[in-house]
Number of protein chains: 2
Amino acid sequence: MTVEMHTLANGLRIVTEHMPGLKSASVGIWVTAGGRHERAEQNGVAHFLEHMAFKGTERRSAIEIAEAIEDVGGYINAYTSREMTAFFARVLENDVPLALDVISDIVLNPVFDPAEIEVERHVILQEIGQAYDTPDDIIFDWLQEAAYPDQPLGRTILGPSERVSRFTRDDLAQFVEERYAPGQMILSAAGAVDHDSIVTEAERIFGHLTAREARVAEPAQFSGRERRETKTLEQVHFALGFESPGYRDPDVYTGQIFASAFGGGMSSRLFQEIREKRGLCYTIFAQAGAYADSGLLTVYAGTSRDEIGDLAELTIDELKRSADDMTPAEVARARAQMKAGLLMGLESPSSRAERIARLVAIWGRVPSLDETIERIDAVTTGDVRDFAGRLGSGGAALALYGPLGSAPAPGALVERLAA
Amino acid sequence: MTVEMHTLANGLRIVTEHMPGLKSASVGIWVTAGGRHERAEQNGVAHFLEHMAFKGTERRSAIEIAEAIEDVGGYINAYTSREMTAFFARVLENDVPLALDVISDIVLNPVFDPAEIEVERHVILQEIGQAYDTPDDIIFDWLQEAAYPDQPLGRTILGPSERVSRFTRDDLAQFVEERYAPGQMILSAAGAVDHDSIVTEAERIFGHLTAREARVAEPAQFSGRERRETKTLEQVHFALGFESPGYRDPDVYTGQIFASAFGGGMSSRLFQEIREKRGLCYTIFAQAGAYADSGLLTVYAGTSRDEIGDLAELTIDELKRSADDMTPAEVARARAQMKAGLLMGLESPSSRAERIARLVAIWGRVPSLDETIERIDAVTTGDVRDFAGRLGSGGAALALYGPLGSAPAPGALVERLAA
């Protein structure tokens, strides 16, 4: 690995990874500000800001931003998550300085033109509509709300339409002032990149920014509630969540290995028991998502109205059984999948840039591959069984959407789990 | 490029591409049999077969298939398209022989156990339900049906529920007999692979298969109809299709460059005029899909009930305007995007294996990158304007889904285009 890091005097961190043999690179800015850093009245502003970055800077109009990258065949995009906002581009080797110039321009110098704010407001309201029309998208927002009710971490990224309809230029500027300090920014690049040139460029572009103190996010408090919405759909969409480790918790890899063995692939328990043996669904999976101070072990499935009761109970029964009889072979397979996934993911510059940015955000450094593999290898079958046995002790969050029929309540599921 | 090809005596083709520096590989079998190779009463059988490949072979049960690949951290999957069915795995370097063994086993030796057929039937019925619950998925099926009515190319891949409910073991075996001849199979591998070892293995595995004559697919006949379905959704989902070149047509790159400049990226006309200037939608794009003997230039957007009329008319107006004033700068940008996309795509073993398999299916060989780039560079602004001017001369296919409101008829759109 050829990961190199540098921190500017104002706290902005630069991390690069050179990948020999590649002709392209991914370069971007990851800001440690997202949905959970919004106060209630700000909900949706981090995402609105991400959109406005593309609507014009002091030097470039919206079309000039798009053309600058697309003229050279590149690709530019951004996303907002609960803990991060990322702006990134994928370009050929020679266009890395251009990409860095454009990305830094849209992050540092957006003009927030009031007419453009009105247009973009409309675009975001359409985006909210699209999310509602995608049951297996919106249901994860509802699960999040059920897991972390009345807290920043439980709110949607897009924000409610009523708030999005009212944001002003000042709301955007204030969020930037509060959350876009240089210490909150990580410049990450991977692929055909040269660390020293990027540091020199970054010094020129970001060196003048004044260090500001970081604000701390409100701690998350898991609380298993439910949200169910009846709608005329073909399937009942089912999402079940249990509190699991945050990414700084030593148990985070145990949670990921459990999720993989429980519902991560075709050989996993949920896939085999619920889809392969009984045919109750097409999609079913478990995943372990992690935030700084909490995490969510999630099971998702889509099934029919008549089968949701069976599917939910079987999921609980498999969970219960996992605590007793998860085998060393299953755990070994999950470890192998995590390690191979890590190695394969490293073959793409986009996923490498994303990975090193996230690691710097979490740890302030990029742990070596060996260090990560050691942590994965250290997880035992006993650890995984114990983990499974503790799930649900803090309750379960549940979201259901569709023709609900005999859909169960989370209380009944938790009782079944505890029985 | 280090692409190497070999054809077995029975017609099965092997194509590999070694990628130096990689530690993983993608290996799979692409069968030139898909939805359009089904007779009406067979609709859905190619996809059913793809599912059954994973349900057990003479040597492996369903769980053993999944475990064989996932034990070593690999990933196995398959898809059915209108002209192909593909089975592939991504594994680390040392596991390539294992992946080839498993993939060839599921393609050649599925047992079609009647009990497993019943379970899988249920899974596929759930998959059909899931597609219906995803408006921006199902709408492309409806557009396809409107573009190629009463023809194999216009039918869905999944097939109608009524047929899926009735398929038997014999239906599956018959489709294999008709369409899975060795001459219809392409073994493709890219990444950390060695051509000679793969050929040796392939000879051992596939050498005994008897050559059989290929059946020819029914020619496609574009015919612009419409399908509209009213549903209580947040957005109206709009998909408009025009006939465009098939992939053996010399104009195929012109169509792709037009689609890119018209609606391919953030700098494209549709994105700028309809989203960036007017905020009428979140998602809008154009793409040029190609089959052997026909192609579909598609525009998709999601918008609100009150704005669908404007959005549809603006799309037509932009299309009309493109024939007159598409600029050399726009065409140059689209060419740059295609070329860079090609180079960046080549950095992943999965996309390389897919690419070389498709090229062999179309051309019987893998044209060099230089040859492809030459064809892209040969497309002029005049070509693109002429292409835009001819669109719609064969009518337009239209699919609409949602709260339809003032949604236009395809006839009115074609008239507006011709006006």
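Cut-offs and rules
- Residues numbered from 1 in each chain as written.
- Chains lettered and ligands numbered in written order.
- Predicted model: local features only at pLDDT ≥ 70, side-chain atom pairs only at ≥ 80, totals over all residues.
- Helix = DSSP H or I, 4+ residues; strand = E, 2+ residues; numbered from the N terminus.
- Rg over C-alpha atoms; globule rule 2.2 N^0.38 Å.
- Buried ≥ 20, exposed ≤ 12 C-beta atoms within 10 Å, placed from the backbone.
- Contact = placed C-beta atoms within 7 Å.
- Least-squares fit on C-alpha atoms with pLDDT ≥ 70 in both.
- Nonpolar A, V, L, I, M, F, W, Y, C, P; charged D, E, K, R; others polar.
- Axes fitted to C-alpha atoms, helices over the stretch in contact; angles between N-to-C directions.
- Parallel < 35°, antiparallel > 145°, perpendicular 65-115°, else oblique.
- Pairing = 2+ DSSP bridges.
- Left-handed = near helix turned anticlockwise from the far one by under 90°.
- Core = buried A, V, L, I, M, F, W, Y, C linked by C-beta atoms within 7 Å.
- Expected span 1.5 Å × (residues − 1).
- Arc of directions from axis to C-beta.
- pLDDT = per-residue confidence, 0-100.

A.B. asks: Sorry if this is basic, but what is going on with the overall build of chain A here?
C.D. replies: What chain A contains, in helices and strands, is 16 helices and 11 strands. For 419 residues, the compact-globule estimate of 2.2 N^0.38 gives 22 Å, and the C-alpha radius of gyration of chain A, at 22 Å, lies within 12% of that figure. The dimensions of chain A, computed from C-alpha atoms along their principal axes, are 60 × 50 × 40 Å. Scored against the burial criterion, the 419 residues of chain A give a buried share of 55%. Of the contacts formed within chain A by residues at least 6 apart in sequence, a portion of 80% connects residues at least 24 apart.

A.B. asks: Just to check I follow, could you spell out the relation of the copies chain A and chain B for this structure?
C.D. replies: One copy of the chain maps onto the second through a rotation around an axis plus a translation along that axis. The two copies are related by a screw motion: chain A maps onto chain B through a turn of 180 degrees and a shift of 0.0 Å along the axis, at an RMSD of 0.0 Å. These values place the two chain copies in the arrangement generated by a two-fold rotation axis. Ranked by how close their C-alpha atoms come to the rotation axis, the residues of chain A are headed by Thr134(A), at 2.9 Å. A shared interface surface links the copies, since 100% of the contact residues of chain A are contact residues in chain B too.

A.B. asks: Would you take a moment to explain the environment of Ala407(B) for this structure?
C.D. replies: Mapped onto the elements, Ala407(B) comes out in the loop between strand 11 (397-402) and helix 16 (410-418). The spatial distance from the C-alpha of Ala407(B) to the C-alpha of Ile308(B) is 5.7 Å, given a sequence separation of 99 residues.

A.B. asks: I'm lost on unusual backbone geometry in this one. Help?
C.D. replies: The phi angle at Phe112(A) is positive, at roughly 50 degrees, despite the residue not being glycine. Tracing the sequence through the fold places Phe112(A) in the loop between helix 3 (96-108) and helix 4 (114-132). According to the C-beta neighbour criterion, Phe112(A) is buried, with 20 such atoms within 10 Å. Despite not being glycine, Asp150(B) shows a phi value in the positive range, around 55 degrees. Position of Asp150(B) relative to the elements: it lies in the loop between helix 5 (135-147) and helix 6 (161-164).

A.B. asks: Whenever I open this one, the interface of chain A and chain B confuses me. Can you help?
C.D. replies: By a frequent convention, interface size equals the accessible area lost on bringing the separate parts together. In this assembly, 57 residues from chain A lie in contact with 57 residues from chain B. Here the element with the most residues in the side of chain A that touches chain B is helix 4 of chain A; it accounts for nine residues. In terms of residue class, the side of chain A that touches chain B is built from 20 nonpolar, 21 polar and 16 charged.

A.B. asks: How do you make sense of the packing of helix 9 (residues 252-263) of chain B against helix 15 (residues 381-390) of chain B when you look at a structure like this?
C.D. replies: Relative placement of two packed helices is described by the angle separating their axes and the distance separating the axes. All names here are of chain B. Contact pair helix 9 / helix 15: the axes reach a minimum separation of 9 Å and the direction vectors enclose 85 degrees. Regarding the angle of helix 9 to helix 15, the classification is roughly perpendicular. Contacts between helix 9 and helix 15 involve Thr254, Gly255, Ile257, Phe258 and Ala261 on the former and, on the latter, Asp383, Val384, Phe387 and Ala388. Its residues placed into classes, the contact of helix 9 with helix 15 shows six nonpolar, two polar and one charged.

A.B. asks: What exactly am I supposed to notice about the sheet that holds strand 6 (residues 185-191) of chain A here?
C.D. replies: All names here are of chain A. Within the open sheet, the six strands sit side by side as 1-2-6-3-5-4. Their pairing is mixed. Strands with a single pairing partner mark the edges of an open sheet, and in this sheet they are strand 1 (3-7) and strand 4 (75-80). The mean inter-strand angle of the sheet, taken between neighbouring strand axes irrespective of direction, is 15 degrees. Relative to strand 5 (residues 85-92), strand 3 (residues 24-31) is paired through eight bridges, and the arrangement is antiparallel. Across the sheet, Val27 pairs through a bridge with Ala89, a residue of strand 5.

A.B. asks: Is there a simple way to explain the packing of helix 10 (residues 269-276) of chain A against helix 11 (residues 308-325) of chain A in this structure?
C.D. replies: Residues and elements named next belong to chain A. Two numbers describe how helix 10 lies on helix 11: the axes approach to 10 Å, and their chain directions differ by 145 degrees. Regarding helix 10 and helix 11, the two cross each other, and that crossing is right-handed. Contacts from Arg269, Leu270, Glu273 and Ile274 in helix 10 reach Leu311, Leu314, Thr315, Glu318 and Ser322 in helix 11. Class assignment of the residues belonging to the contact of helix 10 with helix 11 gives a composition of four nonpolar, two polar and three charged.

A.B. asks: Looking at this model, I keep getting lost on the nonpolar core. Mind explaining?
C.D. replies: Soluble globular proteins: nonpolar side chains tend toward being buried together. Membership of the largest hydrophobic core comes to 72 residues, with the highest contact counts inside it found for Val27(A), Ala89(A) and Ile103(A). The element that contributes the greatest number of residues to this core is helix 3 of chain A, accounting for seven residues. Leave out the neighbours within four places in its chain, and Val27(A) touches Phe88(A), Ala89(A), Val96(A), Ala99(A), Leu100(A), Ile103(A), Ala189(A), Val193(A) and Ala353(A). Counting 71 residues, the second-largest nonpolar core is a separate cluster that includes Phe87(B), Phe112(B), Ile124(B) and Ala192(B).

A.B. asks: How should I be thinking about the environment of Arg305(A) in this particular structure?
C.D. replies: All names here are of chain A. As for its position among the elements, Arg305 is in the loop between strand 10 (295-303) and helix 11. Residues Arg305 and Gly405 lie 100 residues apart in sequence; the distance between their C-alpha atoms is 5.4 Å. Non-local contacts of Arg305, meaning those with residues more than four positions away in its chain, are made with Val236, Pro403 and Gly405.

A.B. asks: Please clarify how the pairing of strand 5 (residues 85-92) of chain B should be interpreted in this entry.
C.D. replies: The two faces of the sheet receive side chains in turn, since in a regular strand these alternate between them. Residues and elements named next belong to chain B. In terms of residue burial, strand 5 counts as a mostly covered element, since eight of its eight residues are buried. Residues Thr85, Phe87, Ala89 and Val91 of strand 5 are buried on one face, and the alternating residues Ala86, Phe88, Arg90 and Leu92, pointing to the opposite face, are buried as well. In this sheet, strand 5 lies alongside strand 4 (residues 75-80) in antiparallel orientation, the contact comprising six bridges. By the bridge assignment, Tyr79 is partnered in strand 5 with Ala86.

A.B. asks: Looking at this structure, I do not really get helix 11 of chain A. What am I missing?
C.D. replies: In an α-helix there are 3.6 residues to a turn, and that puts residues three or four apart on one side. Residue and element names in this part refer to chain A. Between its terminal C-alpha atoms helix 11 stretches 25 Å, which fits the 26 Å expected from 18 residues at 1.5 Å a residue. Ile308, Leu311, Ala312, Thr315, Ile316, Glu318, Leu319 and Ser322 are the residues of helix 11 that are buried. Taken end-on, helix 11 shows its buried residues confined to a sector of 155 degrees, consistent with a single buried face. The exposed residues of helix 11 that point more than 90 degrees off its buried face are Asp324 and Asp325. On its buried face, helix 11 sits against strand 8 (236-244), helix 9 (252-263), helix 10, strand 10, helix 15 (381-390) and helix 16 (410-418).

A.B. asks: Hey, could you run me through the confidence of the model for chain A in this one?
C.D. replies: As a note on interpretation, predicted positions should not be read in detail where pLDDT is low. Mean pLDDT over chain A works out to 95, with 100% of the residues at or above the 70 mark. Among the prediction metrics, the complex's ipTM stands at 0.92, with pTM recorded as 0.95.

A.B. asks: Is there a simple way to explain the sheet that holds strand 11 of chain B in this structure?
C.D. replies: Sheet strands line up and pair through hydrogen bonds in the backbone, either parallel or antiparallel. Residue and element names in this part refer to chain B. With mixed pairing, the five strands of this open sheet are ordered in space as 7-11-8-10-9. Each edge of the open sheet is held by one strand with a lone partner, namely strand 7 (226-230) and strand 9 (284-290). On average, each strand axis in the sheet is tilted by 15 degrees relative to the strand beside it, whichever way the strands run.

A.B. asks: Would you explain helix 4 of chain A in this entry?
C.D. replies: Between its first and last C-alpha, helix 4 of chain A extends 27 Å over 19 residues, near the 27 Å set by a 1.5 Å rise per residue. Listing the buried residues of helix 4 of chain A in full gives Glu116(A), Glu120(A), Ile124(A), Gln126(A), Ile128(A), Gly129(A) and Gln130(A). Contacts from the buried residues of helix 4 of chain A go to helix 1 (45-52) and helix 6 (161-164) of chain A together with strand 10 (295-303) of chain B.

A.B. asks: Please explain the pairing of strand 10 of chain A as it appears in this structure.
C.D. replies: Residue and element names in this part refer to chain A. The buried fraction of strand 10 amounts to nine of the nine residues, a majority that puts the element mostly inside the structure. The alternating pattern of strand 10 places Gly295, Leu297, Val299, Ala301 and Thr303 on one face and Leu296, Thr298, Tyr300 and Gly302 on the opposite face, and all of these are buried. In the sheet, strand 8 pairs with strand 10 via nine bridges, with the strands oriented antiparallel. Bridging from a neighbouring strand, Glu243 pairs with Leu296 of strand 10. With seven bridges joining them, strand 9 (residues 284-290) and strand 10 adopt antiparallel strand pairing. Across the sheet, Ala290 pairs through a bridge with Gly295, a residue of strand 10. The antiparallel pairing of strand 9 with strand 10 creates a hairpin that spans four residues between the two strands.

A.B. asks: Looking at this model, I keep getting lost on the environment of Phe48(B). Mind explaining?
C.D. replies: Residue and element names in this part refer to chain B. Tracing the sequence through the fold places Phe48 in helix 1 (residues 45-52). Residues Phe48 and His6, spaced 42 residues apart in sequence, show a C-alpha to C-alpha distance of 30 Å. For Phe48, the contacting residues outside a window of four places in its chain are Ile124, Val164, Phe167 and Leu172.

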